[in-house]
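Report on the structure
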Amino acid sequence: PSELLADGFGRVRQEVLAVLEGLSREQLRYRIDEEANPIGWLVWHLTRVQDDHVADVADTEQSWTAGGWVDRFTLPFDRDATGYGQESAAVGRLDAEASLLAAYHTTVHDATSGFLRRLSDGDLDQVVDTRWDPPVTLGVRLISVLADDLQHVGQAAYVRGVVLRR
């Protein structure tokens with residue numbers, strides 16, 4: 001099971017890099033309408049959520065802070081933000097180069113891969129969050145992050161298609 005998860009997260013990484021390839025800052029900030037999420041924000045958000053959630057279950061510091069990414073991005077909102085529940089105005093303020101987004105995502109992917117390599121099949125049954133009924137296991141949490149990542153990278157790919165056809 002951990003090998004399947006590693007394959008899934010590897011596919012996210014491939015798609016993230018493909019979505020970002022060759023795009024300008026302007027293209028990364030393009031919004032289909034005034035409330036839509038732009039490519040840059042979608043990639044940043046999916047990476048932040050993966051970083052936050054995997055670091056939590058791995059009991060490690062997030063790459064965001066440990067690797068100094070928070071300072072490299074110089075975002076105009078809270079340093080701990082992951083994008084979850086963010087207002088449209090805040091979403092529109094993310095302005096980053098594709099190379100910065102790709103480098104941060106690669107760092108998070110590498111941390112995720114390292115964590116997955118240390119897991120045994122039995123580890124996936126460990127309860128990691130008792131706030132839900134039923135309680136959330138490590139396997140369920142990782143699948144949840146993977147599903148969220150795939151959804152957001154798919155959205156980013158769609159917006160890329162729109163941007164390139166403009």
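Throughout this description, residue numbers start from 1 for each chain and increase along the sequence as written. Predicted model: local features are reported for residues with pLDDT of at least 70 only, side-chain atom pairs are reported and counted for 80 or more only, and whole-chain, interface and lining totals are derived from all residues. The side-chain quantities take in all heavy atoms of the structure and omit both hydrogens and water.

It is worth spelling out the packing of aromatic side chains at this point. Stacked, tilted and edge-to-face are the three classes applied to pairs of Phe, Tyr and Trp rings, where Trp contributes its six-membered ring and a pair requires centres within 6.5 Å; stacked means planes under 30 degrees apart, edge-to-face means over 60, and tilted covers the rest. Overall, the coordinates contain 7 aromatic pairs when judged by the stated rule. When the ring of Trp69 is compared with that of Tyr104, the centres are 5.6 Å apart and the planes differ by 45°; the resulting orientation is tilted. Of the two residues, Trp69 sits in helix H5 (residues 69-73) while Tyr104 sits in helix H7 (residues 98-117), which places them 35 residues apart along the sequence. Among the residues examined, Tyr104 registers a relative accessible area of 1% and is labelled buried. A centroid spacing of 5.7 Å and a plane angle of 70° characterise the contact between Phe73 and Tyr104, whose relative ring orientation is edge-to-face. Highlighted residues: Phe73 in helix H5 and Tyr104 in helix H7, separated in sequence by 31 residues. We note that Phe73, like Tyr104, is buried. Every member of this aromatic cluster is reached through a ring pair, and the members are Trp41, Trp44, Trp64, Trp69, Phe73, Phe77 and Tyr104. Secondary structure counts use DSSP, requiring at least four H or I residues in a row for a helix and at least two E residues in a row for a strand, with both numbered from the N terminus. Exposure classes here rest on a 1.4 Å probe applied to the protein chains alone. A residue is buried below 20% of its type maximum, exposed above 50%, and partly exposed in between.

It is worth spelling out the environment of Phe73 at this point. Accessibility expressed as a relative area gives 2% for Phe73, which makes it buried. Along the sequence, Phe73 and Leu4 sit 69 residues apart, while their C-alpha atoms lie 32 Å from each other.

Another aspect to go through is helix H1 (residues 2-20). Each turn of an α-helix holds 3.6 residues, which means side chains three or four residues apart point in the same direction. Helix length check: H1 (19 residues) gives 27 Å between terminal C-alpha atoms against 27 Å at 1.5 Å per residue, within 8%. What H1 keeps buried is the set Ser2, Leu5, Gly8, Phe9, Gly10, Val12, Val16, Val19 and Leu20. For this analysis, residues touch if any pair of their heavy atoms sits within 4.5 Å. Here the buried face of H1 lies against helix H2 (25-29), helix H3 (39-58), H7 and helix H8 (138-165). Gly22, located one to two residues past H1, shows a positive phi value of around 75°. The length a helix should cover is 1.5 Å for every residue beyond the first.

Moving on, we get to the side chain of Gln86. Position of Gln86 among the secondary structure elements: in the loop between H5 and helix H6 (88-91). Polar contacts, as counted here, are pairs of nitrogen or oxygen atoms within 3.5 Å of one another; within protein the pair requires one atom able to donate a hydrogen and one able to accept it, and residues that are adjacent in sequence qualify only if both atoms are side-chain atoms. A distance of 2.8 Å separates polar atoms of two side chains, one belonging to Gln86 and the other to Trp41. Excluding residues within four positions of it along the chain, Gln86 makes contact with Trp41, Trp44, Phe77, Ala81 and Val91.

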